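Architecture and fold: a report
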Amino acid sequence: TLFPYTTLFRSNLSIRRAHLPFQIQFNDADLPTHELAFFVKGRFLASQEWLYRPFLYYVLCKPLDDQATQILPLAQKCIQSCVDQIPLIFHHHRHGATWILARRSLACALLILATVRVGVMIVPDNWQGLVKLSLDTLRKWESYAADLKWAREVLGDIFKSTCEWFDSQHAVST
């Protein structure tokens, strides 16, 4: 299983974060003002997402059984990392890695939409705002890379259909 490796890797991430030089340390709530701290925070959040993404895939793709229930908190950590990354990426200024960060925002938005559709996890209350922010990020950089415009259009279509589906499900349950 992945549990021991996940625990070990998460522990290593925490240790490395705790030993960052003062100038590039960051907290979870604020946007770092130091450029290197901004990138380190982004890498930290991306690492967390990658670490927990297999658990999210498992929960989204398998029927909810005992094992899925056990790994649900790990899958939730992947979604929380996505929630934290989208606003951070939106504030990125043109300075290299723009395409990679736009793609990361897209991936996070798609994972959030998949979570909304499957409905077995806690979805962030502001999931629609986060997806709109990801769309804004793609829109901001699409003139520099044609595939980002295409990605924004595809994400927009998926977002629209998910909102319609969500509204129809919510109307039925009220």
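Refer to the structure presented above.
Okay, so let's go over this structure. Quick caveat: nothing in here was measured; it's all calculated off a predicted structure. (Residues numbered from 1 in each chain as written. Predicted model: local features only at pLDDT ≥ 70, side-chain atom pairs only at ≥ 80, totals over all residues. Heavy atoms only, no water.)

Bringing the overall build of the protein chain into the picture now. A count of helices and strands for the protein chain gives six helices and zero strands. Beginning at the N terminus, the succession of helices and strands in the protein chain can be written as α-α-α-α-α-α. Over its C-alpha trace the protein chain gives a radius of gyration of 17 Å, about what one expects of a compact globule, namely 16 Å for 174 residues. For the C-alpha atoms alone, the extent of the protein chain along its principal axes is close to 50 × 45 × 25 Å. The proportion of buried residues among the 174 residues of the protein chain is 41%. In the protein chain, of all internal contacts separated by at least 6 residues, the share reaching a separation of at least 24 is 64%. Summed over its atoms, the accessible surface of the protein chain is roughly 10300 Å², and 60% of this surface lies on carbon and sulfur atoms. Of note, the protein chain has its 18 positive side-chain charges centred 6 Å away from the centre of its 15 negative side-chain charges. (Helix = DSSP H or I, 4+ residues; strand = E, 2+ residues; numbered from the N terminus. Rg over C-alpha atoms; globule rule 2.2 N^0.38 Å. Buried < 20%, exposed > 50% of the residue type's maximum accessible area, 1.4 Å probe, protein only. Contact = heavy atoms within 4.5 Å. Areas by Shrake-Rupley, 256 points an atom, 1.4 Å probe, with all protein chains shown as cover. Lys, Arg positive; Asp, Glu negative; His and termini not counted. Charge placed at Lys NZ, Arg CZ, Asp CG, Glu CD.)

What follows concerns the packing of helix α3 (residues 66-90) against helix α4 (residues 98-118). Relative to each other, α3 and α4 sit at 140°, their axes nearing to 9 Å. Relative to α4, the element α3 lies oblique. For the pair α3 and α4, the sense of crossing is left-handed. Residue-level contacts link Cys78, Ile79, Cys82, Val83, Gln85, Ile86 and Ile89 of α3 to Leu101, Arg104, Ser105, Cys108, Ala109, Leu111, Ile112 and Thr115 of α4. For the contact of α3 with α4, the per-class residue count stands at 11 nonpolar, three polar and one charged. (Axes fitted to C-alpha atoms, helices over the stretch in contact; angles between N-to-C directions. Parallel < 35°, antiparallel > 145°, perpendicular 65-115°, else oblique. Left-handed = near helix turned anticlockwise from the far one by under 90°. Nonpolar A, V, L, I, M, F, W, Y, C, P; charged D, E, K, R; others polar.)

Looking now at the pattern of salt bridges. Counted by the stated rule, this structure contains five salt bridges. With its nearest N and O atoms 2.5 Å apart, the salt bridge here joins Glu142 to Arg152. Linking Glu142 in the loop between α5 (127-141) and α6 (146-173) with Arg152 in helix α6, this pair joins segments that are 10 residues apart in sequence. We classify Arg152 as buried; its relative accessible area is 16%. Here the salt bridges share partners, and the residues they tie into one network are Glu49, Arg53 and Arg104. (Salt bridge = Lys/Arg side-chain N within 4 Å of Asp/Glu carboxyl O.)

Quick look at the packing of α3 against α5 now. In contact at an axis separation of 9 Å, α3 and α5 are set at 35° when each is read in the N-to-C sense. Crossing of α3 over α5 shows left-handed handedness. Contact with α3, carried on its side by Val83, Ile86, Pro87, Ile89 and Phe90, involves Leu130, Leu133, Ser134, Asp136, Thr137 and Lys140 of α5 and no other residues of that element. Along the lines of polarity and charge, the residues of the contact of α3 with α5 split into seven nonpolar, two polar and two charged.

The next subject is α3. Across its 25 residues, α3 extends 37 Å between first and last C-alpha, which sits within 8% of the 36 Å expected from 1.5 Å per residue. Leu72 marks where α3 bends most, by close to 45°; the proline Pro73 follows one to four residues later. (Expected span 1.5 Å × (residues − 1). Bend = angle between axes of the 7 residues up to and from the residue.)

Moving on to the state of the cysteines. Summed over all chains, the structure comprises zero disulfides. Free of any disulfide, Cys61 has its nearest neighbouring cysteine sulfur in Cys78, separated by 12 Å. For Cys82, which is in no disulfide, the shortest distance to another cysteine sulfur is to Cys108 and amounts to 3.4 Å. Relative accessible area serves as the criterion here: at 0%, Cys82 is assigned to the buried category. (Disulfide = S-S within 2.5 Å.)

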